[in-house]
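One letter stands for each residue in the lines below.
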Amino acid sequence: MSALVATEFCPVYSPFFGVMGATSAIVFCCFGAAYGTAKSGVGLTSMGVLRPDLIMKGVVPIIMAGIIGIYGLVVSVLIGNGFRQDMSLYAGFIQLGAGLSVGLAGMAAGFAVGIVGDAGVRASAQQPRLFTGMILVLIFAEVLALYGLIVALILNTKAADAKCA
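Residues numbered from 1 in each chain as written. Predicted model: local features only at pLDDT ≥ 70, side-chain atom pairs only at ≥ 80, totals over all residues. Heavy atoms only, no water.

As annotated in an unreviewed UniProt entry, the protein is V-type proton ATPase proteolipid subunit from Podila minutissima. For the record of the protein, the UniProt heading Subcellular location (unreviewed entry) holds the text "Vacuole membrane". Here is the UniProt Subunit (unreviewed entry) comment for the protein, exactly as written: "V-ATPase is a heteromultimeric enzyme composed of a peripheral catalytic V1 complex (components A to H) attached to an integral membrane V0 proton pore complex (components: a, c, c', c'', d, e, f and VOA1). The decameric c-ring forms the proton-conducting pore, and is composed of eight proteolipid subunits c, one subunit c' and one subunit c''." (UniProt positions renumbered as here; feature names shortened; annotations may be inferred.)

With 27 residues, the main nonpolar core has Met47, Ile68, Val75, Val102 and Val113 as its most contacted residues. Counting residues per element, the ones that place at least two in this core are α1 (14-50), α3 (60-81), α4 (89-126) and α5 (131-159). A total of 7 residues in this core trace back to one element, the largest contributor, which is α5. Setting aside residues no more than four positions away along its own chain, Met47 makes contact with Leu54, Ile55, Gly58, Val121 and Ala125. Core analysis: the next-biggest nonpolar cluster, separate from the first, contains 5 residues, Met87, Ala91, Ala159 and Ala162 among them. (Core = buried A, V, L, I, M, F, W, Y, C linked by side-chain atoms within 4.5 Å. Buried < 20%, exposed > 50% of the residue type's maximum accessible area, 1.4 Å probe, protein only. Helix = DSSP H or I, 4+ residues; strand = E, 2+ residues; numbered from the N terminus. Contact = heavy atoms within 4.5 Å.)

The following block contains the structure:
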C-alpha cells in the first residue's frame, strides 16, 4: 500500500476543482436547456391555440434546447473519467475551466434559443414564411453552446497530460 504524498503542485484537494468542473458543466447546461425548453414551450402552446396544424414544426426550438443539456452531460462524463486521487492542481483547474466553458456557453445558448423559439413559433404561426428565418437564428444561437463544447473538449485533453511527480 503506497501512501499518498501531497506536494505543492499536487495537493489533496486538487480533485475538488475537477468535480466542480463536472458539476458546472451539467448544472449550467441543464439550466440553459430547461429555460429554453420552458420558454419555447410557452410559445408553442400559445401558437397551438391558433394553429394546431403547426405544432410539430414548432417543436424544433424545444428539441434544440434539449441538445444543449446533452453537451453538458458529455463533458461531465469526460471530466469524471479523468478523476484520480493523485491529481495535479493543474489538471483540476483545467477540468474546472472545461466545465465552466461548456456550462456557461450552454446557459447563454439556452437563453437565446428560448427567447428566439418563443417569439419565432408565435410569429411563424401568423406568417409561415418566417419559419426559415427562425431556424437560421436558432442555429446561430445553438452554435454558441457548440463553441463551449469544443473548448471544453480541447481543455479536457490537456488535463490528461498532467501528472504528479
